[in-house]
Each structure stands twice: as structure tokens, then as C-alpha cells.
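Coordinate inspection notes
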Amino acid sequence: MQRSYACALFCVLASAGCAASGASSGESEGGSSGAAGTFAGSAGSTAGSGGSAAGGAGGSATSGSAGMSGGGAGTAGSAGASGSAGASGGAAGSAASSGSGGSAAGSAGTSGSGGATGGNAGAGAAGSAGAAGSAGAAGSAGAGGSGGGKPPGTAQAGDVTVDPGKTHQVVDGFGEADVWQGSSSTAMQTLLWDPVNGIGLTLLRVGIDGTSGQPNIMGAAGYADGQACVKFNGSACKVWAAPWSPPANMKDNNNVNNGGHLNTQSYAAWAKVLAAFPAFYKSHGGVDLYALSAQNEPDFTASYQSCLFNASQMVAWINVLGPALAALNPPVKVLAAEPDNWGNLWGGDGYGPAIVADSSASSYVGPIATHDYGGTSAGTYGRPTPPTNNTHHVWETECTPGDTGPITTATMIYAAFATGGANAWHYWWTQQFVPNVNSPPPQVYAVGNFSKFVRPGYYRVDVSGAPTPSGSNPLVVAFANPPDGTVAIVVVNGGGARNVSFFVGGTAWPASVTPYVTTTSSKLAAGTPITVNGARFSASLQAQSVTTFVGKP
């Protein structure tokens, strides 16, 4: 949560500048049966002439006519068997340039050859030739190509390349904390959770006050906002909870404040209190919890409710709390470890590696989480990258950017996803995020540049050719939705006005993109759609702006 030293550092840092081609087979219905009879009529024993092989383009050939009597020496040849269907009506038409279907009907099938033996051999003269097989029917049209059937374009010098075919982490969502807030208005709920009329957050963090030895919530607004999150987002909404301190009598400092440690002999008792919270929350708000944090900021001694765990203590604690939460119906995941500083997740105190290395603790943990304070927060462009052996989603679960403008907040989100491997991102609490619902600060809409257009299930995709991150260079991070090909490119421009050009790789580039711009005076303002030609488009960026370009094939 917010601390004076962190805010001071943030201000200093922020000032530094924070199809497939139409390739489905599409064969004609006259297709594979086109092996026609080999001859319209085979010869009689002496000189019967062959049946004509005149079957026309694909389709079924008629039978060869009967062989005539060979001068009486033999009986009439029996009727030639029907020529089987002509060969296939041609391969499918290739995809039209727009990928909407095969460009033309498949070409006609090869001719069906004549009917089979025109007459079985007679003893006398040859039977006459069997009649030619009739023309086969035309091949049916090729199957339509998918929407991604466009030809790939060519990048030009200076383009920022976005490649939807190279995916990174999936997006779980964006959210904030509803802690120590007594109520939530309808206007606030619409602004926060509605993806159409608001910014479409999908993650809600609520606080657990268990200092009495019984489960309770830190602020009743968490009930109403949980309901609103589900109302607007359905199953994409995830509500989770975090404790600040056990009861004083369970800690070695006998105080809910000023850090202290959970006594080992109290692990089971505290786990029981926390495991009762999901049912408590649902009884008041009607919403199931997705996860429960092992501890808020276990690396920070605060003057308010707090509790300390080192990495080995955290693992031991998870191995007690985890089974208690897993036994619930529905089961609840452990979220851990939520250190104050991202540097303490994978380095420093090393909570993340300790959890990953313990197979038991790791099995109970869903997201591995961190806050974003300290030296890797506002004004910087990188975050510690997860190790390659990590299989957990990474959630950033709290930050306070230090100002209410759009650039600092958007820069922190950019860094979390582009370098920190984050699957989810949270602001701190509602009171600071939206001080006045009737006049939300620009930071709200800067979060909306991500949360409104980058929905749960999207993937971060590869970006190359972007300028080196700095306070004056645009920061570019891109996302795509594989099922429908939607691309969302977010550009954080902390410098002056400038032009930028983009190239979208692959064959599913959008037909056009619409820019949505946030500045100190614009609130996700929709601009004029920009046509994408040959997978390329150019745009003008406003100074000190956050712009999301959204388009689909």
C-alpha cells in the first residue's frame, strides 16, 4: 500500500519520464469417383474395337452401348457397365485476396472415360464400340478461405513491427483494491467495471480483517463492487482477498501492527480463520472468491496492520493454508507472496523461487504476485523477469504511481507486461484511483487504454523495431485475441507530438484501426479509423498521450 517514502521516490522517478489460404479441400461432389470405365466396350475375341474413352469433364460417364454381334459367331456382347464418376471436380479454388472464399469455382474434373467392357467377348467378329461416356458435371466451387487469407505485407524502414503470430503471456485482467471503503455508488461501479460505458476492470481485491479471530471484511464496498464486477463481466471477473495481520495473540510481537511474525504454533488457527472468509464473503455478497493471499507485503514492517514472513516461512505457511483452502467448495487458490518490492519476488528475499522449488507449496499456489514499489516502480521501464522454470501466472497486485496523469500509470503497466511477464495488473485502492467519480483523473482512462480493449484471454504479442524506452520515446506493447484476430497496440508517448508507422505481420492484419487517445484533457477519445494498406499504417501521436489502436481482420 502507499507509503510516504515510496511516493517521494515515485515523484522523483516519474519526473525522469516515466487461413489459411482457401485451402480446405473444397473438392467437388463428383470428385474421387471419377475413375471411369477403362474402355467403352472391350474387343470381342478377334477384333472388337475398343470403347471410346470420350467421357467429358468430371462427372459420371454413361455406360458403353452393347457390343454388336460379331457376324453371328458369338452372341451379342452384354452391355458395358456404367462408367464410374469422373475424377474430382478440381482442387478447391484458392482463397480470394480478402480470404472470404475461393476465388472461383474449382476447375472441371477430368473426363470420365468410357463405359467398362462394351461386350464380353463373343466367339465371332468384334462387337462394335460402346458409346462414349457422357460429360461429367462441373466441379463445385472451392471452399471459402478464412478471414486471414490476405497476402502478407512488407515492412518498411522505421516501422514498428507487431507480430500476432508470436505470442507471449495470456492476459488475466486489470483491477484495483476496494479496501477501507464503506460504500460504492452506481456511477462508480459503471466507471470501474462496465466494459462498454466504463473501463471494464475484471479483477477486484478486497481486504480481510481477521484481527478479532473471526473473518471480517475491510470495507463493505467490497461486496457491492464484487457483484458489479460479475454483473458486467461474468466469469471473466475474479474477486480475491488479502489479510493484513493475524490477531495479536498469534504473533511474536503481540501486536497487529508493526510487523511481527505469525507464531508457528498458530499456523493452523490462523489458517482456519482465513479459510472461513470465502463463505463469509459469499454470504454477504453472493460471489465466490477466486484466491486468497497468504499475506499482504510480508517483506515490509508497517505502522499499521502487518506481518512478516521470510521465504522459508512463507513456504511453510502456504503448506498449512493451502490444504485448508483446497478443501473448500469451491476450492480457493493461494496467491503469494505479494512483497512490497518487485525486486523481492524473484531476487532479494526470493519468495518466488522458494515457492516454485517446493512442489507441495507450488501445487496450492495459483498466481505468484508482487507489489510494485521501491526502485522498480514509477519512472522506470523494466521489471524483473520470471525465471524460465516458473509455471505460475504473475500478477502485479498493488501500486500507487505518485501522480494522477496518464503517462506514469501507463508506463508502469507497459513495464509490467512488456518486461515483467505480468498476466494481471492492479492499481491500489479506489479512494486514490478515483477521488471523485464525477471528475475522474486521467490515470483512470490511461488504465482504460489497457483494460477496456485488452480483455481477459488476449495474449501479449511480439513487438520489434520500437525505439529504446525513454521518457521521450514512445513505449509500445501489443496484444491480440486469437479467436477473432483483434489486435490492440498501446503506445505510451511521454514526449512531444510525433508520427509513427506500424507493420502488422502475418496474413490476418486488420482492415483498419481506430485510435483511442487519453491525455490530461482527452478521455479515451475515439479518433478517425485509419486504413491499413499492405499490413501497414501510420499515425500521429499527441504529446504526453496514451493511444490504443484497435482493429480486426
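1. What to know about unusual backbone geometry
- Backbone torsion omega between Asn-329 and Pro-330 reads 0°, so that peptide bond is classified as cis.
- The amide bond that connects Ala-336 to the next residue, Ala-337, takes the cis arrangement and shows omega of 5°.
- With phi around 55°, Glu-338 is a residue other than glycine that occupies positive phi space.
- Tracing the backbone shows Glu-338 in the loop between β6 (333–337) and α7 (343–346).
- For Glu-338, a relative accessible area of 0% translates into the label buried.
- Notably, Gln-544 is not glycine yet its phi reads approximately 50°, a positive angle.

2. Describing the pattern of salt bridges
- This model, assessed by the stated rule, comprises 6 salt bridges.
- Between Lys-282 and Asp-288 there is a salt bridge, with its nearest N and O atoms 3.0 Å apart.
- Judged by its relative accessible area of 36%, Asp-288 is partly exposed.
- The residue Lys-552 makes a salt bridge to Asp-484 at a minimum N-O spacing of 3.5 Å. Placement of the pair is Lys-552 in the segment after β18 (545–551) and Asp-484 in the loop between β11 (475–481) and β12 (486–493), with a sequence separation of 68 residues.
- Residue classification places Lys-552 among the partly exposed residues on the basis of a relative accessible area of 45%.
- A relative accessible area of 32% means that Asp-484 is categorised as partly exposed.
- When salt bridges with common partners are traced through the structure, they connect Arg-205, Glu-338 and Glu-398 into a single cluster.

3. Regarding the nonpolar core
- In this structure, Tyr-281 and Trp-317 are the most contacted members of the largest nonpolar core, which totals 101 residues.
- The greatest single-element share of this core, amounting to 8 residues, is contributed by helix α10 (residues 406–418).
- Among residues more than four places away in sequence, those in contact with Trp-317 are Leu-262, Tyr-267, Trp-270, Ala-271, Leu-274, Ala-294 and Phe-309.
- Among the nonpolar cores identified, the runner-up in size contains 22 residues, and Val-461, Trp-509, Val-513 and Val-532 belong to it.

4. Notes on the packing of aromatic side chains
- For the coordinates displayed, the defined rule picks out 20 aromatic pairs.
- Between Phe-174 and Phe-417, the ring centres sit 5.4 Å apart and the planes meet at 35°, which makes this aromatic pair tilted. On the criterion of sequence distance, the pair formed by Phe-174 in strand β2 (residues 173–178) and Phe-417 in helix α10 is long-range, its members being 243 residues apart.
- Here Phe-417 falls in the buried class, since its relative accessible area comes to 0%.
- Here a set of aromatic residues connected by ring pairs shows up, and it is made of Phe-174, Phe-417, Phe-450 and Phe-479.
- Looking at Lys-150, its charged tip hangs above the ring of Trp-509, at a distance of 4.5 Å from the centre.
- In this arrangement the basic side chain of Lys-238 is found over the ring face of Tyr-290, its NZ or CZ atom lying 5.3 Å from the centre.

5. Considerations on the packing of helix α2 (residues 186–193) against helix α3 (residues 221–233)
- With their axes 10 Å apart at the nearest point, α2 and α3 run at an angle of 50° to one another. When the interaxial angle is binned, α2 and α3 end up oblique. The handedness of the crossing between α2 and α3 is right-handed. Contacts from Gln-189, Thr-190 and Trp-193 of α2 reach α3 at Ala-224, Asp-225, Ala-228, Cys-229, Phe-232 and Asn-233.

6. Some points on the state of the cysteines
- Per the stated rule, a full pass over the model turns up 1 disulfide.
- Disulfide pairing is shown between Cys-229 and Cys-237; the S-S distance is 2.1 Å. The S-S bond linking Cys-229 to Cys-237 shows a torsion near 125°; that makes this disulfide right-handed.
- With relative accessibility at 10%, the residue Cys-237 sits in the buried group.

7. Things to note about the sheet that holds strand β7 (residues 365–371)
- With parallel pairing, 8 strands are arranged side by side around a closed barrel as β2-β3-β4-β5-β6-β7-β8-β9. Going from strand to strand, the sheet's axes swing by 25° on average, the running direction of each strand aside.
- Pairing between β6 and β7: 3 bridges, direction parallel. Following the sheet pairing, Val-334 is matched in β7 by Val-365.
- In this fold α10 packs onto β2 and β9 (424–429), with an angle of close to 145° to the strand it touches most, β9.

8. Describing α2
- Along α2, the positions that sit buried rather than exposed are Met-188, Gln-189, Leu-191, Leu-192 and Trp-193. What you see down the axis of α2 is that its buried residues fit within an arc of 165°, all on one side.
- Close packing links the buried residues of α2 with β2, β3 (203–208), α3, α11 (430–433) and α12 (442–451).

9. A short note on the environment of Met-412
- In this fold, Met-412 is placed in helix α10.
- The spatial distance from the C-alpha of Met-412 to the C-alpha of Thr-380 is 7.6 Å, given a sequence separation of 32 residues.

10. A closer look at the pairing of strand β10 (residues 459–464)
- As paired elements, strand β1 (residues 160–170) and β10 share 5 bridges and run antiparallel to each other. Pairing of Val-170 across the sheet is with Tyr-459, part of β10.
- Of the pairings in the sheet, the one linking β10 to β11 comprises 3 bridges and is antiparallel in character. Its bridge partner lying in β11, Tyr-459 is registered against Ala-480.

11. Observations concerning the side chain of Asn-423
- On the secondary structure map, Asn-423 appears in the loop between α10 and β9.
- Within the local environment of Asn-423, its side chain forms a polar contact with the backbone oxygen of Val-170, the two atoms lying 2.7 Å apart.
- Excluding its chain neighbours within four sequence positions, the residues that come into contact with Asn-423 are Gln-169, Val-170, Val-171, Asp-172, Gly-173, His-393, Val-394, Trp-395 and Phe-417.

12. Observations concerning the pairing of β9
- Counting buried positions over the 6 residues of β9 gives 5, a clear majority of the element.
- Both β2 and β9 contribute to a ladder of 4 bridges, which runs parallel. Along β9, the bridge assignment pairs Gly-173 with Ala-424.
- Inspection of the sheet shows strand β8 (residues 394–398) paired to β9 by 2 bridges, in the parallel sense. Pairing of Glu-396 across the sheet is with Trp-425, part of β9.
- Taken together, β8, α10 and β9 constitute a β-α-β crossover, and its handedness is right-handed.

Conventions used here
- Residues numbered from 1 in each chain as written.
- Predicted model: local features only at pLDDT ≥ 70, side-chain atom pairs only at ≥ 80, totals over all residues.
- Heavy atoms only, no water.
- Helix = DSSP H or I, 4+ residues; strand = E, 2+ residues; numbered from the N terminus.
- Buried < 20%, exposed > 50% of the residue type's maximum accessible area, 1.4 Å probe, protein only.
- Salt bridge = Lys/Arg side-chain N within 4 Å of Asp/Glu carboxyl O.
- Core = buried A, V, L, I, M, F, W, Y, C linked by side-chain atoms within 4.5 Å.
- Contact = heavy atoms within 4.5 Å.
- Phe/Tyr/Trp six-rings, centres within 6.5 Å; stacked < 30°, edge-to-face > 60°.
- Lys NZ or Arg CZ within 6 Å of the ring centre and 35° of its normal.
- Axes fitted to C-alpha atoms, helices over the stretch in contact; angles between N-to-C directions.
- Parallel < 35°, antiparallel > 145°, perpendicular 65-115°, else oblique.
- Left-handed = near helix turned anticlockwise from the far one by under 90°.
- Disulfide = S-S within 2.5 Å.
- Pairing = 2+ DSSP bridges.
- Arc of directions from axis to C-beta.
- Polar contact = N/O pair within 3.5 Å; in protein donor to acceptor, adjacent residues only side chain to side chain.
- Right-handed = clockwise from strand over helix to strand, strands pointing away.

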